[in-house]
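Remarks on the overall topology
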Amino acid sequence: MRELAYLRPDDVGAAVAAVTDNPRAQYLGGGTNLVDHLKLGVTSPELLVDVRRLPLDEVEEVAGEDGPVLRVGANVRNSDVAAHPVVRSVFPAVARALLSGASGQIRNQATTAGNLLQRTRCVYFQDVTTPCNKREPGTGCSAIGGYARYNAILGASEACVTTHPSDLAVALAALDATVVVRGAEGERRLPVRELHRLPGDRPEEDTTLAHGELITAVELTAGRLTRRSTYYKARDRASYAFALVSVAGALQLDGDTVTDVRLAWGGVAHRPWRATVAEDALRGSTFSEEAVLAACDRELAAAVTSEDSAFKVPMVRNVSALVLGRLAKEDR
Amino acid sequence: MTELLPDPVPARAMGSARLRADGPAKVTGLATYAVEHPADDPLHLWLVQSTVARGRLVDLDTAAALAHPGVVSVLDHTNAPRLVTDDPDTTDPELVVLQDDRVAFRGQIVAAVLAETSEAAREGAALVTARYETEPHRAELRDDSPAYAPESVNPDQPTDSDDGDVEAGLAEADVVVDQTYRTAYEHNNPLEPHALSVTWLEDDDGPRVTLVDSTQGVHPVAATLAPMLGLEKDRVRVRAPYVGGGFGSKGLPHAPEMAAVLAARTVPGRAVKLAVTRQQMFALTGYRTATVSHFRLGARADGTLLAIDHQVREQTSALKEYAEQTATPTRMLYAAPHRRTRHRLVELDVAVPSWMRAPGEMPGVYAHEIAMDELAIACGLDPIELRLRNEPDVDPETGKPFSGRRLVECLERGADLFGWADRTPEPRATADGEWWVGTGVASATYPTMTQAGSQARVSALGGGRYSVAVGAVDIGTGARTVLAQIAADALGCAVEAVDLEIADTDLPMATVAGGSSGTSSWGSAIVAAAQLFRRDHGEDPDSGVHTTASAAQSPGMEQYATHAFGAVFAQTRVHRYTGEVRVPRLLGVYSVGRVLNPVTARSQLLGGLTMGLSAALFEESHRDPRFGHVVTQDLATYHVASHADVRGIEAVWLDEEDPHVNPMGSRGIGEIGIVGTAAAVANATFHATGVRVRQIPVTADRFVG
Ligand SMILES: Cc1cc2nc3c(=O)[nH]c(=O)nc-3n(C[C@H](O)[C@H](O)[C@H](O)COP(=O)(O)OP(=O)(O)OC[C@H]3O[C@@H](n4cnc5c(N)ncnc54)[C@H](O)[C@@H]3O)c2cc1C
Ligand code: SF4
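Everything quoted here is computed from the prediction, not taken from an experiment.

All names here are of chain B. What the domain assignment lists for chain B is domain 1 (2-31 + 451-552) and domain 2 (401-450 + 554-705). Measuring from the centre of the C-alpha atoms in domain 1 to the corresponding centre in domain 2 gives 32 Å. Taken residue by residue, the interface counts 33 residues in domain 1 and 21 residues in domain 2. Taken over both partners, the interface formed by domain 1 and domain 2 buries close to 1,900 Å², and the fraction arising from carbon and sulfur atoms is 59%.

Attention now moves to the interface of chain B and chain A. Contact residues are listed per partner, giving 37 residues for chain B and 37 residues for chain A. Roughly 2,900 Å² is buried in total at the junction of chain B and chain A, and carbon and sulfur atoms are behind 55% of that figure. If you sort the residues of chain B by the area they bury against chain A, Tyr 577, Arg 626 and His 639 of chain B come out on top, with a joint share of 19%. Our count for the chain B to chain A interface comes out at two salt bridges. Measuring nitrogen to oxygen at the nearest pair gives 2.8 Å for the salt bridge that ties Asp 701 of chain B to Arg 149 of chain A. Viewed at the interface, chain A and chain B are joined by 16 residue pairs in polar contact (both at pLDDT 80 or more). Partitioning the side of chain B that touches chain A into residue classes produces 11 nonpolar, 14 polar and 12 charged.

Turning to helix H3 (residues 118-127) of chain B, its buried residues number three or more, namely Ala 120, Ala 121, Glu 123, Gly 124 and Ala 125 of chain B. Buried residues belonging to H3 of chain B abut strand E2 (43-49), helix H2 (63-67), strand E4 (71-76) and strand E6 (109-115) of chain B.

Further remarks concern the domain arrangement of chain A. Domains assigned within chain A are domain 1 (5-50) and domain 2 (230-331). A straight line from the C-alpha centre of domain 1 of chain A to that of domain 2 of chain A covers 36 Å.

To continue, consider the packing of aromatic side chains. Under the definition given, this model contains 10 aromatic pairs over all chains. For the ring pair Tyr 185 of chain B and Tyr 287 of chain B, a centre distance of 6.1 Å and an interplane angle of 55 degrees mean the geometry is tilted. Residue Tyr 185 of chain B is found in the loop between strand E11 (175-183) and strand E12 (195-203), and its partner Tyr 287 of chain B is found in the loop between helix H7 (278-284) and strand E16 (291-299); the two are separated by 102 residues along the sequence. Comparing Tyr 185 of chain B with Tyr 287 of chain B, the two get one shared label, buried. Here Tyr 466 of chain B and Phe 533 of chain B contribute two aromatic rings whose centre-to-centre distance is 5.8 Å and whose plane-to-plane angle is 90 degrees, an arrangement assigned as edge-to-face. With Tyr 466 of chain B in strand E22 (residues 465-469) and Phe 533 of chain B in helix H12 (residues 518-537), the pair connects residues that are 67 residues apart, well separated along the chain. Note on Tyr 466 of chain B: relative accessible area 4%, which makes it buried. Judged by its relative accessible area of 0%, Phe 533 of chain B falls in the buried class. Here a set of aromatic residues connected by ring pairs shows up, and it is made of Phe 418, Trp 420 and Phe 569 of chain B. Above the face of the Phe 311 of chain A ring, Arg 149 of chain A is positioned so that its terminal group lies 5.2 Å from the ring centre. The ring of Phe 418 of chain B carries Arg 585 of chain B above its face, with NZ or CZ at 3.9 Å from the centroid.

A word on the sheet that holds strand E3 (residues 47-50) of chain A. Residues and elements named next belong to chain A. Taken together, the three strands give an open sheet; going across it, the order is E1-E3-E2, and neighbouring strands pair in parallel fashion. The two strands at the open ends of the sheet, each matched to only one other strand, are strand E1 (5-7) and strand E2 (25-28). The sheet shows a mean angle of 25 degrees between the axes of neighbouring strands, direction not considered. For E1 and E3, the ladder comprises three bridges, and the chain directions are parallel. What sits directly across from Ala 5, in E3, is Leu 47. Packed onto the sheet, helix H1 (residues 12-21) meets E1, E2 and E3 and runs at close to 145 degrees relative to E2.

All names here are of chain B. Counting 97 residues, the largest nonpolar core has Leu 45, Val 198, Leu 211, Leu 229, Val 272, Val 470 and Ile 486 as the members making the most contacts within it. Apart from residues no more than four positions distant in its own chain, Leu 45 is found in contact with Ala 112, Val 113, Leu 114, Ala 121, Ala 259, Ala 260, Ala 263, Val 272, Lys 273 and Leu 274. Listed in part, the 88 residues of the second largest apolar core include Val 365, Leu 654, Ala 682 and Ala 684.

This part is about the site of ligand 2. In the vicinity of ligand 2 lie 13 residues, with Cys 122, Cys 132, Cys 141, Cys 160 and Val 161 of chain A positioned nearest. Per-class residue counts for the shell around ligand 2 are nine nonpolar, three polar and one charged.

Let us look at the side chain of Asp 395 of chain B. All names here are of chain B. Among the secondary structure elements, Asp 395 is positioned in the loop between helix H9 (383-388) and helix H10 (407-418). For the buried Asp 395, no salt bridge exists, and the shortest N-O distance to an oppositely charged side chain is 6.4 Å, to Arg 405. Within the local environment of Asp 395, its side chain forms a polar contact with the side chain of Thr 398, the two groups lying 2.7 Å apart. With sequence-adjacent residues up to four places away left out, Asp 395 is seen in contact with Arg 331, Met 332, Lys 400, Phe 402, Ala 561 and His 563.

Reading guide: rules and limits
- Residues numbered from 1 in each chain as written.
- Chains lettered and ligands numbered in written order.
- Predicted model: local features only at pLDDT ≥ 70, side-chain atom pairs only at ≥ 80, totals over all residues.
- Heavy atoms only, no water.
- Domains from an automatic or database assignment.
- Contact = heavy atoms within 4.5 Å.
- Buried area = accessible area lost by both parts, 1.4 Å probe.
- Salt bridge = Lys/Arg side-chain N within 4 Å of Asp/Glu carboxyl O.
- Polar contact = N/O pair within 3.5 Å; in protein donor to acceptor, adjacent residues only side chain to side chain.
- Nonpolar A, V, L, I, M, F, W, Y, C, P; charged D, E, K, R; others polar.
- Buried < 20%, exposed > 50% of the residue type's maximum accessible area, 1.4 Å probe, protein only.
- Helix = DSSP H or I, 4+ residues; strand = E, 2+ residues; numbered from the N terminus.
- Phe/Tyr/Trp six-rings, centres within 6.5 Å; stacked < 30°, edge-to-face > 60°.
- Lys NZ or Arg CZ within 6 Å of the ring centre and 35° of its normal.
- Pairing = 2+ DSSP bridges.
- Axes fitted to C-alpha atoms, helices over the stretch in contact; angles between N-to-C directions.
- Core = buried A, V, L, I, M, F, W, Y, C linked by side-chain atoms within 4.5 Å.
- Near = heavy atom within 4 Å.
- Lys, Arg positive; Asp, Glu negative; His and termini not counted.

Right under this line is the structure:
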């Protein structure tokens, strides 16, 4: 029989030690992703360490080197983050991204860390009767030549072509958030942009975290740019659907000149895709829809598509124009 | 038991708004669905499905499963009880479960694990390992796949039809529309997945099987299962007190039901529960085939149709033929001297397709009504005007008069309500901020049927109260509520004086809740029984007297072509940047005879419209032909409309009764709401954008680039 042990520590150190010590242990947050995977047989840990008793459920405003910092505890529920007044006014892209995700019930249950670490929604990953390198390394990638509507167009590999499903992660990537991580060796901070990785030849690894590392918080530094940020998710149905593509953007104009810009894309890659080539092209230029589209074209020169995913190229450039266009209107 | 031709019933309770009789039980959780039905010490079954699309099961290793605590046994083709399969009239190939080593499609049941808990059964199923000898399979409906003509199409209609000379009509035409329209594979997905609880008892008279099943017809389930089990029908009792929807997928039993009965047979006296998972439904409980409709419409410059040619390619399963009757509505919808329809099937090694709300009408009218939109544009006509110009005087298919055909009034009333007069004819002419805005229209029709065979029993309970019993199932439609209204009017008593008993094969025979025929069929039987009861027992009957009767078919059903009609109007917004499609307004106007209960009728029509919207924009089962199964097999990847997608939605109906079809004056309403809706939405996206999409779902990617 498959034994599944369950721990619910109230001490961060104990939680980290429990998972670090057991290669087949996993953290359990709200369980909206992990519990599904247990049922489907996608993962079969022997120990679940429930993090929900850990004191990681505060949203705090603290002073930071570059301005006020909002520290969101790893356990804060998606709906609470989205409704937080500071998030809404100072980091609107984050609130919008969260509210565009899942359903009200799931957002009430899902945690900040769990959202960032949710696994891909690739249909083959979730179907244990089909080969999948991410689920079972070396078995092959069924999505290549298969159902491709949600496949990556940037940064994919021959081993895996899936996308990361989190909306929150895209907004955080645009706003240069920091992830606070506790491991056996102590605490470290890493830019959220370095949290998720491209698949390369190790698609089984979604992130750069070591086994046992616990996300304790996400930190957002407030600035003029973060206030002028927004998020748009293009999807098949109006609610309760993962992104075909999504765009988190932030824009600062001086007259018509772009003084600063952030652009991050969801639904196009194995991790949130910061469109730095496009950002660089736009920074210092005169803002116009054409300029945004041209800048996106530069970023998208590297795109690799199949028949079923080709639409993502025009779609993500259009949505980028939409998002930055809306922000430019606000700024003027 | 007597058959009676019932007299028309004066409407008192019929037509009045009454809330669902079972509403409080459902919303408070007191209503027990099949798998929740209390049973002492039940066992739980979990299905093991094939992971190859075609071949032979060479070896099944069940040792690990059997060693799992809680697992009682593993059934497979070597040890499962035998079914009677030598009579082709009673053998349903889909139900021949665990009888041999053949695998006919991926996802087929190859074993089933019986355990003390559902968790142990599931875990046991995961521990069963199967080895197959695989054979090449066909799982893709391609334009060049070989196709054949079935002997008939569902339920038993002609495969082909020919009137006049279509080629000559097309040659004579000033305007020709020649296009191909496609619909996606779709899965029914009722809220409650298929489930049952079954007990096999051996008593002195032999076996007795009792099921609490999630089904649209308890009698059909018993009648289908019994002969294959080698039993008389009355040895199989089926109940279905509450059913969370079916949409056709619970119209007949599927393989899981048979597997559960076989499992129960191995543990006499103990209840066996089976809850089919959402994922399993995508392989085991039916679906709508994809359809490819090649349409050719030929018309004079003024829009008068000369020729209608509708040639359909669709898919069936090698295990069991199912021929969706996609082109049959084309035979009666519009007048034209030259008409032809064809159905051709591509046989694939895949799961068995079946009924899904308005089989045939939904994909067929979808195709026809987009072709009509294209013809209207080609003729420079308003799409409503085009339809008015092609109204037939009599049914083009049979030459009979219609019992009532008020399609024109539906279109005109809808045009008024919707504000159609303000519409600019040109496409891509209206923008609202980031959105293109457009409107579209389509006709709808659905045959009006009353199925033979239903019976009802009326008994006096004393004190002016009556029991009315019919073995019909309320699958969430409101039948429980409406049948009591019919019974009250037929008996001339208050609705509150009627104790309605349904959903049990111990009650008189009733046909399936399908084909939009339930209320008409069961209601007619109730009226017949009530009228005979009054005749025999008078207005003040002694307690205990009872009468059972069935209704003779109304002569009008022979004399007239009987159909429901409707007109659907949609407004769509298509995002100029993203291509996302939203439907702010959807209106259906219907001619459906007497509406027996506006509350439950409105739900049926709105539900149909919603499902049509959902088909238009979202629903698509993606089958991966390499593997042979549907890979979008849950509600996160198989999209149905969410609340946010359904905005302004309205259903209205003409005030009328149809005196020719049944004593209530009603026609069926369960399916017409889905008919035409996808075409109205698709036509509206064309009007919004100028981009014609000839396949559903119409997704955002079609409009970006
Ligand atoms: C039907 C459906 C639709 C959805 N739609 C969307 C959508 O549109 N957009 C979107 O972004 N998301 C969507 N989601 C996903 C949802 O957001 C995630 O399931 C949720 O955010 C996961 O959070 P959780 O707390 O429940 O995580 P869990 O399921 O508990 O865990 C997820 C992963 O995170 C790990 N983990 C949890 N906490 C920590 C921690 N503190 N440190 C380290 N590891 C940790 C777990 O080990 C596990 O691997 C959808 C989910 C469903 C079921
Ligand atoms: S894309 Fe990645 S997750 Fe999907 S099947 Fe391939 S390897 Fe698995």
